[in-house]
Amino acid sequence: KARSLNLLGAIHTMLGNHERARADREQALVLFREVGDHVWIGHILNNLGEVARHRGNYQEALPYYEEALKVAERIGNLEGEAVYRCNLGGALIRLDRQEAAVVELRKALAVSQTGYWVSEAYSFLAEALLRQGRADEALQAGLAALESGRQTYGREALGIAWRVIGKIIAKREEWATID
C-alpha cells in the first residue's frame, strides 16, 4: 500500500496536484516508518522535498532533503545519498546559497558517478559556479553534464546541460561573439 501511495503521489505531482501528492506521500511515509523500511523512508522524504520544489518552495524542501540524506548516510545507501545531495544542492541554488550548493554537489559526485541524476548534478554545479562568477569551472561542469546526458541518452538531461552551457556562454562576452 505504501508503494502505491508513493506512485499516486508521483502521478499527482506530474498533474500539478501538489497538495494531493504531499498527502499521499505523507501517508506512505507513515507506513514505511511503521515497518522500519529505511531505504523507502529516505526515498519518500526526498519525494516530499520534490513536491515542495515543484511548488517553488525551496525552503520547505530543504528539511526533507536533509532528513533523507541523514537516513541514507545512516544505512549506507550511497546511491540515495548522492541523489539526495544533488536535490539538496539544487534547492540551495534557488535559495541563493551557492557555496553550500557547490559543497553538496561535489560531495554527491564524489559518492557516485552512476545514475540518471549525474547530469543534473553537473548542471546544478555549473549553475552554482556561474552564479559565483567562476565561468571557467562552470563550463567544465556544464560539459560534464552534457557528456553524462549523452551516456545515459537522457533527452531532458541533454536539454538541461545545453541550457546551462548557453547561460555560461552568454556570461562570457568573448565566448558569445560569433565571427
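Here the structure is a predicted model, which means the values were calculated and not measured.

Side note on the side chain of Glu104
And then number 1: Position of Glu104 relative to the elements: it lies in helix 6 (residues 98–111).
And then number 2: Excluding its chain neighbours within four sequence positions, the residues that come into contact with Glu104 are Leu69, Arg85, Leu88, Gly89 and Leu92.

Topic: helix 4 (residues 58–75)
And then number 1: The terminal C-alpha atoms of helix 4, which comprises 18 residues, lie 26 Å apart, in line with the 26 Å expected from a rise of 1.5 Å per residue.
And then number 2: All of the buried residues in helix 4 are Glu60, Ala61, Leu62, Tyr64, Tyr65, Ala68, Leu69, Val71 and Ala72.
And then number 3: If you follow the buried residues of helix 4, they end up packed against helix 2 (18–35), helix 3 (38–54), helix 5 (78–94) and helix 6.
And then number 4: Following helix 4 by one or two positions, Gly76 adopts a phi angle in the positive range, close to 75°.

A short note on the packing of helix 6 against helix 7 (residues 118–131)
And then number 1: For the pair helix 6 and helix 7, interaxial distance at closest approach is 9 Å and the crossing angle is 150°. Taken together, the axis directions place helix 6 and helix 7 in an arrangement best described as roughly antiparallel. Here the hand of the crossing between helix 6 and helix 7 comes out left-handed. Note on element contacts: helix 7 touches helix 6 through Val118, Ala121, Tyr122, Phe124, Leu125, Ala128, Leu129 and Arg131, opposite Gln98, Ala101, Val102, Leu105, Arg106 and Leu109.
And then number 2: Within the contact of helix 6 with helix 7, the residues separate by chemical class into eleven nonpolar, one polar and two charged.

Remarks on the environment of Ser119
And then number 1: Structurally, the position occupied by Ser119 is in helix 7.
And then number 2: Relative accessible area serves as the criterion here: at 1%, Ser119 is assigned to the buried category.
And then number 3: In this structure, the C-alpha to C-alpha distance between Ser119 and Leu109, residues ten residues apart in sequence, is 9.9 Å.
And then number 4: In this structure Ser119 touches Ala145, Ser148, Gly149 and Ala157, once residues within four positions along its chain are discounted.

What to know about unusual backbone geometry
And then number 1: Of note, Asp96 is a non-glycine position whose phi angle comes to about 60°, a positive value.
And then number 2: When you line up the elements, Asp96 lands in the loop between helix 5 and helix 6.
And then number 3: Owing to a relative accessible area of 59%, Asp96 belongs among the exposed residues under this scheme.

Comments concerning the pattern of salt bridges
And then number 1: One pass over the full model with this rule turns up 17 salt bridges.
And then number 2: Across the pair Glu99 and Arg134 runs a salt bridge, and its minimum N-O distance is 3.8 Å. Linking Glu99 in helix 6 with Arg134 in the loop between helix 7 and helix 8 (135–152), this pair joins segments that are 35 residues apart in sequence.
And then number 3: The salt bridge partner of Glu137 is Arg134, with a shortest N-O separation of 2.9 Å.
And then number 4: Glu137 gets classed as partly exposed once you look at its relative accessible area, which sits at 36%.

Focus on the confidence of the model for the protein
And then number 1: For the protein, mean pLDDT is 92; residues scoring 70 or higher make up 96% of the total.
And then number 2: Confidence, read as mean pLDDT per element, is least for helix 10 (residues 173–176) in the protein (63) and greatest for helix 4 (98).

Quick look at the nonpolar core
And then number 1: Trp117 and Leu125 are the most contacted members of the largest nonpolar core, which has 52 residues in total.
And then number 2: The greatest single-element share of this core, amounting to nine residues, is contributed by helix 7.
And then number 3: Apart from residues no more than four positions distant in its own chain, Trp117 is found in contact with Glu79, Ala82, Val83, Cys86, Ala108, Leu109 and Ser112.

A few points about the environment of Glu120
And then number 1: Tracing the backbone shows Glu120 in helix 7.
And then number 2: In this structure, the C-alpha to C-alpha distance between Glu120 and Ile160, residues 40 residues apart in sequence, is 7.5 Å.
And then number 3: When neighbours within four sequence positions are excluded, Glu120 is seen to be in contact with Cys86 and Asn87.

Topic: the environment of Glu73
And then number 1: When you line up the elements, Glu73 lands in helix 4.
And then number 2: On the basis of relative accessibility, which here comes to 39%, the residue Glu73 falls in the partly exposed class.
And then number 3: Through-space distance from the C-alpha of Glu73 to that of Gly42 is 9.8 Å; in sequence the pair is 31 residues apart.
And then number 4: Beyond its immediate stretch of four places on either side in the chain, Glu73 contacts Glu81 and Arg85.

Calculation rules
Residues numbered from 1 in each chain as written. Predicted model: local features only at pLDDT ≥ 70, side-chain atom pairs only at ≥ 80, totals over all residues. Heavy atoms only, no water. Helix = DSSP H or I, 4+ residues; strand = E, 2+ residues; numbered from the N terminus. Contact = heavy atoms within 4.5 Å. Expected span 1.5 Å × (residues − 1). Buried < 20%, exposed > 50% of the residue type's maximum accessible area, 1.4 Å probe, protein only. Axes fitted to C-alpha atoms, helices over the stretch in contact; angles between N-to-C directions. Parallel < 35°, antiparallel > 145°, perpendicular 65-115°, else oblique. Left-handed = near helix turned anticlockwise from the far one by under 90°. Nonpolar A, V, L, I, M, F, W, Y, C, P; charged D, E, K, R; others polar. Salt bridge = Lys/Arg side-chain N within 4 Å of Asp/Glu carboxyl O. pLDDT = per-residue confidence, 0-100. Core = buried A, V, L, I, M, F, W, Y, C linked by side-chain atoms within 4.5 Å.

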